[in-house]
Amino acid sequence: MKHKKVSDKHAMIAKFTGEALRLGGGVSANQRHFIKAALAHGKTMEPAGCLAGANRVCRHV
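Quick caveat, the model's predicted, so the values are computed rather than measured. (Residues numbered from 1 in each chain as written. Predicted model: local features only at pLDDT ≥ 70, side-chain atom pairs only at ≥ 80, totals over all residues. Heavy atoms only, no water.)

Focus on the overall build of the protein chain
- The helix and strand tally for the protein chain stands at two helices and zero strands.
- Split into buried and exposed, the 61 residues of the protein chain put 0% on the buried side.
- With an accessible surface of roughly 6,300 Å², the protein chain has 64% of that area assigned to carbon and sulfur atoms. (Helix = DSSP H or I, 4+ residues; strand = E, 2+ residues; numbered from the N terminus. Buried < 20%, exposed > 50% of the residue type's maximum accessible area, 1.4 Å probe, protein only. Areas by Shrake-Rupley, 256 points an atom, 1.4 Å probe, with all protein chains shown as cover.)

So this is what it looks like as structure tokens:
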């Protein structure tokens, strides 16, 4: 009986994955631009200091 449950889960996962890919659409031009910029500049364009957000080590912030 376990075997059937596992195969049902795999079938549902495959079904929902296909549906999500179909409904999600492709990559937009704006998303493609951000990916290209990230690949071209690497970590040099990452924010530092206050712009990077709260420090996770320091709990009083």
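Observations concerning a nonpolar patch on the surface
- Together, V27, I35 and L39 make up a nonpolar patch on the protein surface, roughly 320 Å² of accessible area in all.
- Looking at the element boundaries, V27 is found in the loop between α1 (2–24) and α2 (29–41). (Patch = residues over 30% accessible without salt bridge, like charges linked within 9 Å, V, L, I, M, F, W, Y side chains within 5 Å. Salt bridge = Lys/Arg side-chain N within 4 Å of Asp/Glu carboxyl O.)

What to know about α2
- Taking 1.5 Å per residue, 13 residues should reach 18 Å; α2 reaches 18 Å between its end C-alpha atoms and fits that length.
- A positive phi of about 65° marks G42, the residue just after α2. (Expected span 1.5 Å × (residues − 1).)

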